[in-house]
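Notes for the structure review
Here's the letter readout for the chains.
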Amino acid sequence: MKTQPNITGLKGHLGFWMRLVSNHVSHAFSLKVAAHNVTVAEWVVLREMFASDATSPSILADSIGLTRGAVSKLIERLREKQLLTRTEDQHDRRYQQVSLTSAGRNLVPKLAALADQNDAEFFSHLTAAERKILMATLQKLAAANNLHDLPTE
């Protein structure tokens, strides 16, 4: 009789639990922002731009950890939704600036409240100390594995 190798069960892997929680947290948030005709990736761009008057697509890409191509697509989608504008430099058409429109600037606090609500729904079962430890642990893992980018849609 052939013996089976001793392998860890699926639920014995941290990755299983992280994926399970992450998928549900992300899906719930995507449904919330979709009600405002925005994707999670678009929300990331809007939120990052909220702190500045204008920025270049390349600086934006670097700050949120996406490729310039991915950011370019997101910028175009947000421009079509009239949530941001893109202007070219008069002297060098290769250089562009992107800015939130007033509609985009007004939408960010509403979406931020949804992000807070989503976090509360999923993580309120943890004490404040547990949430702080979880955040620090995830940040430590991200730093240790040089994870600074977000998946594109």
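Note that this is a predicted model, so its numbers are computed, not measured.

**As for the overall build of the chain**
- Helices and strands together make up the secondary structure of the chain, namely 6 helices and 2 strands.
- Along the chain, from the amino end to the carboxyl end, the secondary structure elements read α-α-α-α-β-β-α-α.
- Here the C-alpha coordinates of the chain stretch approximately 75 × 35 × 25 Å along the principal axes.
- When burial is assessed residue by residue, the chain has 25% of its 153 residues classed as buried.
- Contacts spanning at least 24 positions in sequence make up 59% of the contacts within the chain whose residues lie at least 6 apart.
- Carbon and sulfur atoms provide 57% of the accessible area of the chain, an area that totals close to 10,800 Å².
- Separation of charge centres in the chain, based on 18 positive and 15 negative side chains, amounts to 6 Å.

**Quick notes on the nonpolar core**
- Formed by 26 residues in total, the largest nonpolar core has its most connected members in V45, L46 and L111.
- Secondary structure elements with two or more residues in this core: α1 (14–34), α2 (40–50), α3 (57–64), α4 (68–80), β2 (96–100) and α5 (102–123).
- The contact partners of L46, leaving out residues within four places of it in the chain, are V38, L78, L83, L100, L107, V108 and L111.

**Describing α3**
- Restricting attention to buried positions, one finds in α3 the residues P57, L60, A61 and I64. For α3, the angular spread of the buried residues around the axis is 100 degrees, confining them to a single face.
- Lining the buried residues of α3 we find α2, α4 and β2.
- Within two residues after α3, G65 carries a phi angle of roughly 75 degrees, on the positive side.

**A short note on the pattern of salt bridges**
- By the definition in use, this model includes 6 salt bridges.
- Notably, a salt bridge pairs E76 with R79, separated by 2.6 Å at the nearest N-O pair. One end of the pair is E76 and the other is R79, both in helix α4 and 3 residues apart, which spans about a single turn.
- Residue R86 is joined to E76 by a salt bridge in which the shortest nitrogen-to-oxygen separation is 2.5 Å. Of this pair, R86 sits in strand β1 (residues 84–88) while E76 is found in helix α4, placing the two residues 10 residues apart along the sequence.
- Judged by its relative accessible area of 29%, R86 falls in the partly exposed class.

**Focus on the packing of α1 against α5**
- Following both chains from N to C, one finds α1 and α5 inclined at 145 degrees, their axes separated by 10 Å at the closest point. In the crossing of α1 with α5, the sense of the turn from one axis to the other is right-handed. Contacts between α1 and α5 involve V21, H24, V25, A28, F29, K32 and V33 on the former and, on the latter, L111, L114, A115, Q117, N118, E121, F122 and F123.
- By residue class, the composition of the contact of α1 with α5 is 10 nonpolar, 3 polar and 2 charged.

**Regarding the side chain of S99**
- Position of S99 relative to the elements: it lies in strand β2.
- In this view, S99 contacts M49, D53, A54, L84 and T85; residues no more than four positions away in its chain are not counted.

**Section: α5**
- Between the first and last C-alpha of α5 there are 32 Å, a value that for 22 residues agrees with the 32 Å anticipated at 1.5 Å per step.
- Approximately 25 degrees is the largest bend angle found in α5, and it occurs at V108, with the proline P109 only one to four residues beyond.
- Among the residues making up α5, those that are buried are G104, L107, V108, L111, L114, A115 and N118.
- Each element contacted by the buried residues of α5 is listed here: α1, α2 and β2.

Rules and cut-offs
- Residues numbered from 1 in each chain as written.
- Predicted model: local features only at pLDDT ≥ 70, side-chain atom pairs only at ≥ 80, totals over all residues.
- Heavy atoms only, no water.
- Helix = DSSP H or I, 4+ residues; strand = E, 2+ residues; numbered from the N terminus.
- Buried < 20%, exposed > 50% of the residue type's maximum accessible area, 1.4 Å probe, protein only.
- Contact = heavy atoms within 4.5 Å.
- Areas by Shrake-Rupley, 256 points an atom, 1.4 Å probe, with all protein chains shown as cover.
- Lys, Arg positive; Asp, Glu negative; His and termini not counted.
- Charge placed at Lys NZ, Arg CZ, Asp CG, Glu CD.
- Core = buried A, V, L, I, M, F, W, Y, C linked by side-chain atoms within 4.5 Å.
- Arc of directions from axis to C-beta.
- Salt bridge = Lys/Arg side-chain N within 4 Å of Asp/Glu carboxyl O.
- Axes fitted to C-alpha atoms, helices over the stretch in contact; angles between N-to-C directions.
- Left-handed = near helix turned anticlockwise from the far one by under 90°.
- Nonpolar A, V, L, I, M, F, W, Y, C, P; charged D, E, K, R; others polar.
- Expected span 1.5 Å × (residues − 1).
- Bend = angle between axes of the 7 residues up to and from the residue.

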